[in-house]
Amino acid sequence: MAAKANSLTLETSAAHGHDDGHGHGDPNLHHHFDDMDQQRESHVLGMWAFLATEIMMFGGLFFAYTLYRWSFSEAFHIGSMHMNWQMGAGNTAVLLVSSLTMAMAVHSAALRDQKKLMMYLAVTFVLGAAFLVVKYFEWSHDFHIGLVPGLAWHYYDNPANFGELRDLAAHGVSPEQIKMFFIIYFCMTGLHAIHMIVGLIMLAVFLLMGRKGSFTNGNDQPIELGGLYWHLIDIIWVFLFPLLYLVGGISAVGGGH
Amino acid sequence: MEFKENRPSGAHDPVADNGQSAMARSTAELEQEFPKRHYLNSGYGVKSWLFTLDHKRIAILYLLSITAYFFLGGLAALVVRLNLLTPYSTFVRPEIYNRAFTMHGVMMVFFFLIPAIPAVLGNFLVPLMLGTKDLAFPKLNLLSWYLLVVGATLALLAMLVGGVDTGWTFYAPYSSIYANGYVVLTALGIFLAGFSSILTGLNFIITVHKMRAPGLTWFRLPLFIWSIYATSLIQVLATPVLAITILLLAVETIFKVGIFEPKLGGDPVLFQHLFWFYSHPAVYIMLLPGMAVMSELITCYSRKPIFGYKFVAFASLGIAVISFLVWGHHMFVSGQSPYAGIVFSFLSFLVAIPSAIKVFNWTATLYKGSIRLDAPMIYALCFIGLFLIGGLTGLYLASIAVDLHVTDTYFVVAHFHYVMVGATVSAFMGGIHFWWPKMTGRLYSDVWARVAAITLFVGFNLTFFPQFILGYQGMPRRYAIYAPEFQVLNVMSTAGATIMALGYLLPFFYLLSSLRNGKVAGPNPWRATGLEWQTSSPPTTFNFDTIPIVKVGPYAYNPAADEAEDARLELIETEKKLIEARNNLAVERASGDGLKKEDLDS
């Protein structure tokens, strides 16, 4: 990969080496950059800086999670047992595969392989959409059994939870703390889902714009940058999944510790 | 120390003023030097401004908007100060007073101080100083201006309509469960302004990394760039935390769930942690750009290279790093762990080290310099003095024992106004005066500019020094009503604020008048080093005709060369006077002979 990047760099600078550093020939070059290398490097660095802001933004939520999990550890344990870990694990697999297909799409764009690029973008889109569909089923289930704070919260009235409530009372834990787990859960997965939707819109735009080969004529950078974004949302999910679904232990195979 | 009074080319010479014809001609000559094509006349009409991608035009857009926000915030301050003339809140009702100080804080912090220097001077100067055509992302740059304007409008309307009275810190749950929805709208405006700030910082970081002119290595960068770069790091890394804090506040308010509200199981201290994790570094988003301007002013007006370039450069980065580790000093009385308090106290003292390095190095730069007291330099000296007081009182507040005594008193108010207004706004004004000829191509009246600078300095100290005493005596901040024994000092403070207002209004007259009547500045009226002075004033749309190649470091000031240049200019002046005298003599003789001057000229 590194060798390839180097050879590309050499090629570009050789191509523009003699026209006073301005790549006048390349239609993808913006006027304020000297050459394609500078433009490409600036865009990639810009994307990384943007990803840093995303990490800091989610970082605030992870901080809140850490505080409340530290303070309400029993409640978070019990709250987590209400998660459907199978769906969560399935979604994790879906996203990991989508990261692979996105990487393949970036690769295909760099190789100017129009057919493969469109195929991988489409597969990535389908996988991302599948993730959101699964998430929809999880959330609507939570909604029906009243586990959505602020919108549908019937945790205390649901007879299925009475045993749990007795356990909590025995440990001297306020049931409000369970609610906190769900608030944090919906904030984190909600913000993540918003980023997924943005990612899907981005993929849809790529699919529409790329039909005529506008990313396989050497202008593959949008795909590369989009790929970076897509990998970041996948990685965030990789952290969300164990913190929200697995901290309670896996109830279906014996539960708890 | 030698105090030089002479101003370089284009300055008023009282002797030359007597010879009317000579002056008229030299002005006309200068007018011809004014560049024919530049960024200001590259397009006319509203569209050419609202859709511009030129970093210099965007800087002007920012300048106009933040000036408006500054005056709105200033009006709110006027209400506050008038109300505090008497102990019993006689000017407005206490509810109105609460709204006024909230509006003052929100407008000044989020919509003036944070964008002020980076978005105006930074936008204008970063590409010029780097010898490049534009910032890396011109469209994002324009977008960030729109975000600021939309955010400011939203926040302003929400505050006016909803009567937001939480203070600029928006402490939950007062701002969430117990507030009307307008607080969330105001916060949403700040959310947008935050993204504006992030995009500006991101743009600068990438531009500094990737778009420096050939030969412009990191250690040849002007210190302005180092400091702006450090600021940008904070903008990019801290502001997203404010964004998520505002989102959580919105969730708590809209869904009535307890994230911060203790009655519903939340933790109000969490809000303070998240808020100050952004808002303490934000103090350095406001201060570091001021320090950026300082390094340029001090060197130019003492005609010397900066003392300890690398120390000043790394001090900027040091401040940026440490700024992320000290937020807990805002929370010594919040109920956070006392052990955390001790650590935060220690870390807060650490900030003093890089800050002091900067102050000492600027002072050392003055030593044996040939100092010229032009208006920007007066602002720079004000900065040093006021920042010294603001910074040292910061150490008082960093020590827990003193802080417990003065928390939420006017001592804190005085401290941060010394830093935010005394230092940052002085630097902003100094910077505007320094680069005004570059931005407009015209020179303003230096006499009036000095009068304004000194007025500001006097007014500022009269306003805020009494507040240190008030705070130490125990007057709490944010109350409309206070104990009668504090009235004398409060009257002094309000009187000072009036003088300050005058100091802020004066520049409007002479700066705006300079656009019409000002003398042509020429490319480098201050004989400053730096790439921005090597292009025409105002610069062309793409800044440089040929991309400059940099071979030396910054601040290569040379008093000997200055003297030679002075001598050369003096020679030219003398020559002009001689010619003029000869012409006058000839005219006199000719009129004696019944001839007219025109005949003689032809």
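Further up the page is the structure itself.
Our subject in this report is the structure included herewith. (Residues numbered from 1 in each chain as written. Chains lettered and ligands numbered in written order. Predicted model: local features only at pLDDT ≥ 70, side-chain atom pairs only at ≥ 80, totals over all residues. Heavy atoms only, no water.)

Side note on the nonpolar core
Residues and elements named next belong to chain B. Residues Phe110, Phe111, Phe224 and Phe428 are the most contacted members of the largest nonpolar core, which totals 241 residues. Per-element tally for this core: the top contributor is helix α9 (residues 268-302), with 22 residues. With sequence-adjacent residues up to four places away left out, Phe428 is seen in contact with Leu63, Ile66, Phe112, Ala116, Ile117, Val120 and Leu121. (Core = buried A, V, L, I, M, F, W, Y, C linked by side-chain atoms within 4.5 Å. Buried < 20%, exposed > 50% of the residue type's maximum accessible area, 1.4 Å probe, protein only. Helix = DSSP H or I, 4+ residues; strand = E, 2+ residues; numbered from the N terminus. Contact = heavy atoms within 4.5 Å.)

A few points about the interface of chain B and chain A
Bring the parts together and some accessible area is lost; that lost area is often taken as the interface size. Contact residues are listed per partner, giving 35 residues for chain B and 31 residues for chain A. Approximately 2900 Å² of surface area, both sides summed, lies buried where chain B meets chain A, with 77% of it carried by carbon and sulfur atoms. When the area that chain B buries against chain A is broken down by residue, the three leading residues are B:Lys133, B:Lys210 and B:Ile244, summing to 18%. Viewed at the interface, chain A and chain B are joined by 1 salt bridge. Two residues, B:Lys210 and A:Glu41, come together in a salt bridge whose shortest N-O distance is 3.3 Å. Of all the secondary-structure elements, those providing two or more residues to the side of chain B that touches chain A are α7 (182-210), α8 (223-255) and α9 of chain B. With 10 residues, α8(B) is the largest single contributor of residues to the side of chain B that touches chain A. Of the residues contributing to the side of chain B that touches chain A, the split by class is 25 nonpolar, 6 polar and 4 charged. (Buried area = accessible area lost by both parts, 1.4 Å probe. Salt bridge = Lys/Arg side-chain N within 4 Å of Asp/Glu carboxyl O. Nonpolar A, V, L, I, M, F, W, Y, C, P; charged D, E, K, R; others polar.)

Concerning the packing of α9(B) against helix α11 (residues 338-366) of chain B
If you want to describe how two helices pack, look at the angle between their axes and the distance between the axes. Residue and element names in this part refer to chain B. Packing of α9 against α11 brings their axes to within 9 Å, and their N-to-C directions diverge by 15 degrees. Considering their axes alone, α9 and α11 lie roughly parallel with respect to each other. Crossing angle aside, the handedness with which α9 passes α11 is left-handed. Contacts between α9 and α11 involve Tyr284, Met291, Met294, Ser295, Ile298, Thr299 and Ser302 on the former and, on the latter, Val351, Lys358, Trp362, Thr365 and Leu366. Along the lines of polarity and charge, the residues of the contact of α9 with α11 split into 7 nonpolar, 4 polar and 1 charged. (Axes fitted to C-alpha atoms, helices over the stretch in contact; angles between N-to-C directions. Parallel < 35°, antiparallel > 145°, perpendicular 65-115°, else oblique. Left-handed = near helix turned anticlockwise from the far one by under 90°.)

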